[in-house]
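# Fold and geometry: a report
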Amino acid sequence: DTAVSQTPKYLVTQMGNDKSIKCEQNLGHDTMYWYKQDSKKFLKIMFSYNNKELIINETVPNRFSPKSPDKAHLNLHINSLELGDSAVYFCASSHPRTTGETQYFGPGTRLLVL
Amino acid sequence: QKEVEQDPGPLSVPEGAIVSLNCTYSNSAFQYFMWYRQYSRKGPELLMYTYSSGNKEDGRFTAQVDKSSKYISLFIRDSQPSDSATYLCAMSYYTGNQFYFGTGTSLTVIP
């Protein structure tokens, strides 16, 4: 009965590769997010989708492209991976009208670029 | 200057101590204030959520917001080893808006 799930949990890859991270939520929420957490634990918003539409797009390299096939899924594709992309990526979801400011986070995907 | 500042610690306290965690912020437009707890290798989970100024209590946890000083606090009473985690404050301007997180404070409660 996992609320927000991400796959894979761990991702080790070489520089220059392209990779995707998948996120699914079964909470019926209409807003989903991608965050990046660096080695110092700083959590920074990357993207936010509401009802499959992009509503927040922070200053993120255009190598990062989110895709939301439906309200329950928000995937993150990363092209031409760089060393600095190594971090933990968290997906989250919320439904402001019913959950207020509560965002539910997934377990994270630990990306290591070699 | 970051929108939200938080002392990263680490903070180490004996079991049973009262813990005080704090964040300051620069933008007076923030209205929603949250505290998240993150265990090692896990995603953040919501602990407390406060709208505007005031106090909110939930068991051993108390959240305080002082908008005039742009300062928020989380107090943990009778701290337990299971409270050992990183605590992140977060804020937003309005419902559905993005969150701005502090850098997190690492807490260890020693048995």
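You'll find the structure just up there.
Structure report, in brief. A quick note: this is a predicted structure, and the numbers were derived from the prediction, not measured. (Residues numbered from 1 in each chain as written. Chains lettered and ligands numbered in written order. Predicted model: local features only at pLDDT ≥ 70, side-chain atom pairs only at ≥ 80, totals over all residues. Heavy atoms only, no water.)

Listed by partner, the interface residues are 23 residues for chain B and 21 residues for chain A. Summing the contributions of chain B and of chain A, the shared interface buries around 1800 Å²; its carbon and sulfur component is 57%. Considering only the side of chain B, the residues that lose the most area to chain A are Arg-41, Gln-98 and Phe-101 of chain B, jointly responsible for 30% of the buried surface there. At the boundary of chain B with chain A, the tally comes to zero salt bridges. Joining chain B to chain A, the criterion identifies three residue pairs in polar contact (both at pLDDT 80 or more). If you list the elements that add at least two residues to the side of chain B that touches chain A, you get strand S4 (32–38), strand S5 (45–51) and strand S9 (85–92) of chain B. Of all the elements, S4 of chain B adds the most residues to the side of chain B that touches chain A, at four residues. Residues of the side of chain B that touches chain A, tallied by class, amount to ten nonpolar, ten polar and three charged. (Contact = heavy atoms within 4.5 Å. Buried area = accessible area lost by both parts, 1.4 Å probe. Salt bridge = Lys/Arg side-chain N within 4 Å of Asp/Glu carboxyl O. Polar contact = N/O pair within 3.5 Å; in protein donor to acceptor, adjacent residues only side chain to side chain. Helix = DSSP H or I, 4+ residues; strand = E, 2+ residues; numbered from the N terminus. Nonpolar A, V, L, I, M, F, W, Y, C, P; charged D, E, K, R; others polar.)

This part covers the sheet that holds strand S7 (residues 61–66) of chain B. Residues and elements named next belong to chain B. Taken in spatial order, the five strands of this open sheet run S1-S3-S8-S7-S6, and their pairing is antiparallel. Two strands lie at the open edges of the sheet, namely strand S1 (4–6) and strand S6 (54–58), each paired on one side alone. Across the sheet, the mean angle from the axis of one strand to that of its neighbour is 15°, orientation sign disregarded. As paired strands, S6 and S7 are joined by five bridges and run antiparallel to one another. When the bridges of S7 are listed, Glu-57 appears paired with Thr-62. (Pairing = 2+ DSSP bridges. Axes fitted to C-alpha atoms, helices over the stretch in contact; angles between N-to-C directions.)

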